[in-house]
Structure formats: structure tokens, C-alpha cells
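Given next are the chains, with one letter for each unit.
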Number of protein chains: 2
Amino acid sequence: MGLNIKDIAKLAGVSPATVSRVINGTGNVAEENKQRVLKVLEETGYKPNALARGLLMNKTNVIGVIVPDLSNINFAEFVKGIENEAKSNGLSVLLTTSENDTDSEISYFQLFKEKRVDGIIFSGTIFTERHREELEKADIPFIVFGQWFEHPKLTCVNVDNERAAYEATKYLISKGAKNLSMIMGPLWDRSAGYDRYSGFLKAIVEEGINPKDIVLEEGDFSIKSGYKAMKSILERKKIDGVLAANDFMALGAIKYLVDKGINIPDEVQVMGFDDNIISEIYNPSLSTIKIDFYEAGKMCVKAFIDTTDNKPIDKNILLPYQLIIRRSTK
Amino acid sequence: MGLNIKDIAKLAGVSPATVSRVINGTGNVAEENKQRVLKVLEETGYKPNALARGLLMNKTNVIGVIVPDLSNINFAEFVKGIENEAKSNGLSVLLTTSENDTDSEISYFQLFKEKRVDGIIFSGTIFTERHREELEKADIPFIVFGQWFEHPKLTCVNVDNERAAYEATKYLISKGAKNLSMIMGPLWDRSAGYDRYSGFLKAIVEEGINPKDIVLEEGDFSIKSGYKAMKSILERKKIDGVLAANDFMALGAIKYLVDKGINIPDEVQVMGFDDNIISEIYNPSLSTIKIDFYEAGKMCVKAFIDTTDNKPIDKNILLPYQLIIRRSTK
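Note that the coordinates shown come from a computational prediction; the quantities given were computed from them, not determined experimentally. (Residues numbered from 1 in each chain as written. Chains lettered and ligands numbered in written order. Predicted model: local features only at pLDDT ≥ 70, side-chain atom pairs only at ≥ 80, totals over all residues. Heavy atoms only, no water.)

### Observations regarding the relation of the copies chain B and chain A
Applied cut-off: When the copies are superposed, the least-squares fit takes in the C-alpha atoms of residues with a pLDDT of at least 70 in both. Throughout, a residue-residue contact means that at least one pair of heavy atoms, one from each residue, lies within 4.5 Å.
With an RMSD of 0.2 Å, chain B superimposes on chain A once it is rotated by 180 degrees and translated 0.1 Å along the axis. When the rotation and shift are considered jointly, the pair of chain copies conforms to a two-fold rotation axis. Taking C-alpha positions as the reference, the residue of chain B nearest the rotation axis is Leu95 of chain B, at 2.2 Å. The residues that chain B uses at the interface reappear at the interface of chain A in 100% of cases, marking a shared surface.

### A look at the interface of chain B and chain A
In plain terms, the rule: Buried area counts how much accessible surface, traced with a 1.4 Å probe, disappears from two parts once they are put together, with both parts' losses summed. Whenever Lys or Arg places a side-chain nitrogen within 4 Å of a carboxyl oxygen from Asp or Glu, that contact is recorded as a salt bridge. The term polar contact refers here to a pair of N or O atoms within 3.5 Å; inside protein, the definition further demands a hydrogen-donor-capable atom paired with an acceptor-capable atom, and it admits residues adjacent in sequence only when both atoms are side-chain atoms. Secondary structure is summarised from DSSP: a helix means a run of H or I of at least four residues, a strand means a run of E of at least two, and numbering begins at the N terminus for each. Each residue is assigned to one of three groups, with Ala, Val, Leu, Ile, Met, Phe, Trp, Tyr, Cys and Pro labelled nonpolar, Asp, Glu, Lys and Arg labelled charged, and all others, Gly among them, labelled polar.
Facing 37 residues of chain B, the contacting portion of chain A comprises 37 residues. Summing the contributions of chain B and of chain A, the shared interface buries around 3,200 Å²; its carbon and sulfur component is 61%. When residues of chain B are sorted by the area they lose upon contact with chain A, Leu94, Lys115 and Ile281 of chain B head the list and together hold 19% of the total. Put simply, chain B and chain A have 4 salt bridges between them. Taken together, chain B and chain A are joined by 13 residue pairs in polar contact (both at pLDDT 80 or more). For the side of chain B that touches chain A, the secondary structure elements donating two or more residues are helix 5 (73-87), strand 2 (92-97), helix 6 (102-114), helix 11 (247-259) and helix 12 (277-281) of chain B. Among the elements that make up the side of chain B that touches chain A, the one with the highest residue count is helix 5 of chain B (7 residues). Here the side of chain B that touches chain A is composed, by residue class, of 19 nonpolar, 7 polar and 11 charged.

### Section: the sheet that holds strand 6 (residues 180-184) of chain A
For sheets, the rule is that strands pair by backbone hydrogen bonds, running either parallel or antiparallel. Residue and element names in this part refer to chain A. Selection criterion: By this definition, two strands are paired if DSSP reports at least two bridges between them. A fitted line through C-alpha atoms represents every axis, and for helices the fit uses only the stretch in contact; the resulting angles, taken between N-to-C directions, go from 0 to 180 degrees.
Reading across the sheet, the 4 strands line up as 7-6-8-9 and stay open at both edges, with parallel pairing between neighbours. Across the chains shown, the open sheet's two edge strands, defined by having one partner strand only, are strand 7 (215-218) and strand 9 (269-271). Within this sheet the neighbouring strands show an average axis-to-axis angle of 15 degrees, counted without direction. Alignment of strand 6 against strand 8 (residues 241-244), held across 4 bridges, turns out to be parallel. Pairing of Leu180 across the sheet is with Gly241, part of strand 8. Strands strand 6, strand 7 and strand 8 of the sheet are contacted by helix 9 (residues 190-206), whose axis makes an angle of about 170 degrees with strand 6. Helix 11 (residues 247-259) contacts strand 6, strand 8 and strand 9 of the sheet and is inclined by roughly 160 degrees relative to strand 9.

### Some details on the confidence of the model for chain A
Note the following rule: What pLDDT conveys is the predictor's confidence in a given residue, as a value from 0 to 100.
Averaged over all residues, the pLDDT of chain A equals 90, while 94% of them reach at least 70. Throughout residues 50-56 of chain A the model reports pLDDT below 50, and contacts reaching past four residues in sequence, or to other chains, amount to 16 contacts.

### Quick word on the packing of helix 10 (residues 223-236) of chain B against helix 11 of chain B
Residue and element names in this part refer to chain B. What counts, and what does not: Any angle between 65 and 115 degrees counts as roughly perpendicular, while under 35 counts as roughly parallel, over 145 as roughly antiparallel, and the rest as oblique. Crossing handedness is read from the near helix: turned anticlockwise from the far helix by less than a right angle, it gives a left-handed crossing, and turned clockwise, a right-handed one.
The contact between helix 10 and helix 11 brings their axes to 6 Å, and the two run at 50 degrees. In terms of their interaxial angle, helix 10 and helix 11 are classed as oblique. Note on packing geometry: the crossing formed by helix 10 with helix 11 is right-handed. Each of Ile223, Ser225, Gly226, Tyr227, Met230, Lys231 and Leu234 in helix 10 lies in contact with helix 11, whose residues at this interface are Phe248, Met249, Gly252, Ala253, Lys255, Tyr256, Leu257 and Asp259.

### Structural notes on the pairing of strand 4 (residues 142-145) of chain A
All names here are of chain A. Under the convention used in this document: The buried label goes to any residue with under 20% of its type's maximum accessible area, the exposed label to any with over 50%, and the partly exposed label to all in between, with areas taken from a 1.4 Å probe on protein chains only. By convention a crossover is right-handed if, when the strands point away from the viewer, the path from the first strand over the helix to the second runs clockwise.
Here strand 4 shows two buried faces, one formed by Phe142 and Val144 and the other by Ile143 and Phe145. Judged from the 3 bridges that link them, strand 3 (residues 119-122) and strand 4 form a sheet pairing that is parallel. Bridging across to strand 4, Ile121 finds its partner in Ile143. At this point the chain moves from strand 3, through helix 7 (residues 129-137), to the parallel strand 4, and the crossover so formed is right-handed. Relative to strand 5 (residues 154-159), strand 4 runs parallel, the two sharing 4 bridges. Bridged to Phe145 within strand 5 is Val157.

If you want it as C-alpha cells, here you go:
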């Protein structure tokens, strides 16, 4: 329609700044004025794009991103997806790493607010009262990746980890694994820890196996912890299949099995989770649940843009996943 | 001595703001006043620490970091070193990725200036006239990692790549490799590309081998490009040793050799560069030049702090490296 924000302001009988505030959901607007603006927006079908809106409204066109740890190569892919989607929408990205430390996360929330970013995408593991307080105080959208945190201001982008782990376990069983084991992540990580364990358990129970007969080990998602966990499992029980809560731990497990001369997959089948770039070229290559972290990053930016554009979006966005069979399973 | 910045100002007969400007090297200070402040600083031995200085001088205590690509796991380690050293000095880190694109680098320089960071650590590959212009305009320290860019305002932290590649090649020769090949990085990358190639060449020539008899392939530092390069080398010549300009390309090369049933190291020895976390657990494990990227990150932050503290520092800081022998060489 060729309308701009000044036209909207004129039609609604308010200032352009008020229109900005209504569109962006920032600052205080008298309820009466807000309703008037919303009515005009609806009648005219006016949709400012992210970049144009930034220019008009003194937005910074910067998104703040918080990830726990970049030595997990998947986060690198995730960040690349964010960067590329942001770039093609005229947005810049400022990245920080929290090492999964709540103090760091909170202080980066504050730093980002100080630096006036337009929104925050974060990938944390725990959602505390302090996170909640920061959210309440903030007037920018928050997108969470990899967790289902519950808060009306949050949009979550995540995989159905329970279902994926269930399917991976079912696959191992279908290929003859009878004595299964799992290398879990920490259970306080509700998604990659708890939900993946929960899906494994569901498949086990469905097979009529008593969960008490299962040997479990917990790792911290590192290669080393997978190696140690595999060693400890084999010292306690003879197994023929293992699901690890991520690829790094699965690779550590494979490394231990290879060191011990145990044949993969004939004696022990190994299944990972995530699909990182090493899993395909490892020897033997690793079967896994592929999560497209690059796409996940793009989806987070899209969710951010849709939120700032006041488009109706799902608060819980499901990422697709895919079972990838390679040489570590039959 | 318990002195604070106001004491220094009083002793020098200038305002505290002038002292700040002299200490930080920011803003304009009349030469006479500058000399007076420097004299008092020298006489009193006054050394403000980074955090205290930030509080006193309205510094932001934020460092901006630009890295090319986080899917190179070494940069993740590098960033972790930066984060940890920054944290223990009361500094926050804002990170961006440039994909080695000059436009991105320049726009992040500008964004960081806008966001008032106290300094920039960047790891780029090319230093253009536009980088130079940004540097001239900026009044904050710039630390470069992984290149020897020449500019009076720059401090460079880097490895002697030529010498390291020379030693790696000499090692292969000492272990019986007679028909060597190299998978180079792009030569416009003066350090990881050109200098590593140059060290290889030096060792070859020293052995009396005609460089024309050497088969070279160029990759882009990715696993895939290493795989492709190895294939292309073997189609052209029978070799018994290969040096790759980084570990990812070396791992790609190993993958190709394993796929073809060629024995490593009996038929072909493979040597990488960098030592990333996969190289140790790969099967066979990869011999390489270990560069401590975590330490490199810490050194960059220290160089930043020393620069803002006006301590005399070397403009070209050499990182140590180490030859690590594993199963891919004899």
C-alpha cells in the first residue's frame, strides 16, 4: 500500500514514536492510543520489515546470542545458521559464551540490554528465578534453543528429544541388541540429559526389560567422559549395544572399544546423538540422530523476526530430526 | 602506594579526565600536559588495574572479538581462552564471526566502536586498506591472532608457522619419507597458507629435491577438501608422506587413505597442523604440530591489558608449538 509509519501515526492520531512502541511492544503506551494504533494497523494491513523498521525506529538491528560452549561443534553450526539468517535480514549478531554458568548468563542478559540489542537468542540448560526476573524486566523478545522453558515471554526452538532417543533405542533393539546400556548426560539438563534418558527408558520398558537390569553411566557430553563411561560400563556388565546422549560421548565410547579390540558393530553397537562433522568421517563412522543445528539457528532468527513483527507464532517450535545409520550399528 | 587517579591528577596539575586519557591513550591531550602526567606516573609507579580503571574512567570493560569461523574447533578453544582470561580480569567478551569476509570484519569493527568496546581482538586472514583506515580512526587497542599484519597500532600473536612446518617436514623425512606431498591452505592466507607451505618447501629443497617434482594440492582447511586433495595427489603420483596445512585436511586425507585400504603409516605417513581434539582420538591418531589455542586466547587478552595499561609490550608475540607424534607417522 506504500504506507509508512508516519501515515499510520496520522491515521491513528498519535505520534510516529507511539506507533513504533506499539509495533515493537517497547515502552509505555496509553491503552487507548495502543488500541487506536492496532486498529489502524489491522485496517491497513501495514507490515514493516525488520530492516526498514530498524531504520525508522532507531532500533539497533543487533541480536545478542548466548551459547554455553563453542567447543561443542554443533553450537558452531548453530551460530553459523544464526549469522547467515541474520545477515540476510540486515541484522548483526553479538555472541557470548556462558559455560552454562547462571551468573554469566544473567550478566550477559544485562550487558546485552545495556548495549541495546533488539532481541536475545540463548541456549542455556537451566532456567532459574533470576532468568525469570531478567525476562520480566526486559522489553525485547527472547528465543530459547534446546530447552522447553516455560514463560509467556519465551519462544522455544527444540527437538523432541524423548521421541528421538526412543526411536534410536528401538533401532538398536531391532538390530539384535539385547543387553543395552546408555551413557546419559546430566539429568538437570532437561532436554539432552533427561529427555534423552527418558526416551531410552521408554523403549527398554516396552521390551519388557527391567530398568534395574540396565547399566547406566553419566557423562558431561565430552569425548573423555564417554571413554570413561564405556570403560566403567564394561567393567560391570557385558553389553551389546550402547546409546550415548551425544556424539562426542559416543566417539569416546568407540575409542575405548577400539582400544580394547572389541568389534564394532559385531560385538557392541554404538549410537550417538546430534550428528557432528566428525561422526561421518570417524573410523568406524557413527550412527546417530541428526539434528540440523544450522537450520535451528535460522529458525531462531526467524522466530525473533516474527516476534518483533508481531506475527502470531508457535511458542514451542519443533525441530525435525533424522536417524542416520552408519558403520557403528548393524 | 595507595594512590588513586585523583592524586595523580593533583600531582600533575591536570584534571583526572586528562590522566585517564593519557593512561588509555584516548582523546586529545596537549603534549605538555601529557608529558607532565607521564612523568608523575613514572615517578609514582602508579599502575591502575583494568577493572579499577574501568570503574574510574567510564570504560565499558568489554572486549570485542572477531573470529573467521567457529566450526574450526580451534577457534572455539581460542575463544574459551579469551573468555576465561577476560573473566578473571573483570572483562566481558562480545564475539562475532566474519566468515573471513572483509565487509563483515569492517562492519563489526564499526559495530564494536558504536557499542564502545575497550579493545578488539581479531583473527582475520587479510589486512586491507579498509582495515587500515578503521585502525587509524580507532582509539582502542587492536590485537591480531594468527597473522603478522604490519601496523604500528597492532599487536600480533602468532606461531612461527614456517619453522614449524619445516620441522614437521624434516620429521617425515627422518622417518623415511622420500616422496613427499603437501596439502596446502590458500596462499593468500600468509600464515596458515603461505608460511606453512614455505617451511615445507625449505625442508624439501634442503634435501636436494627439486620442488618441481613435488605434487601439491590446495584445500580450504575443511575435511572434505583434504579428502579430495589426497585423492587428486594419488591419482598423479605415488607418495609415501603428506603434510597437511591443518588437522582437518589431514583427517580428510587419512579418511581417503583408509577408504582405499592404504596402510598408514607403512605406505603413507600423514602429518597435520594445529592439534584439534579429534586428532588424538581419530583412528589412526594423527601426528601434528600442536598449537595451544586456549593459551593463545589468554595471551591476546594479556596483550590487550598490557596495552591499555601502557606497559611496554612486544608488537609481535610468538606462541610456542610442539611436534606431537602419534600413529599416523612412524
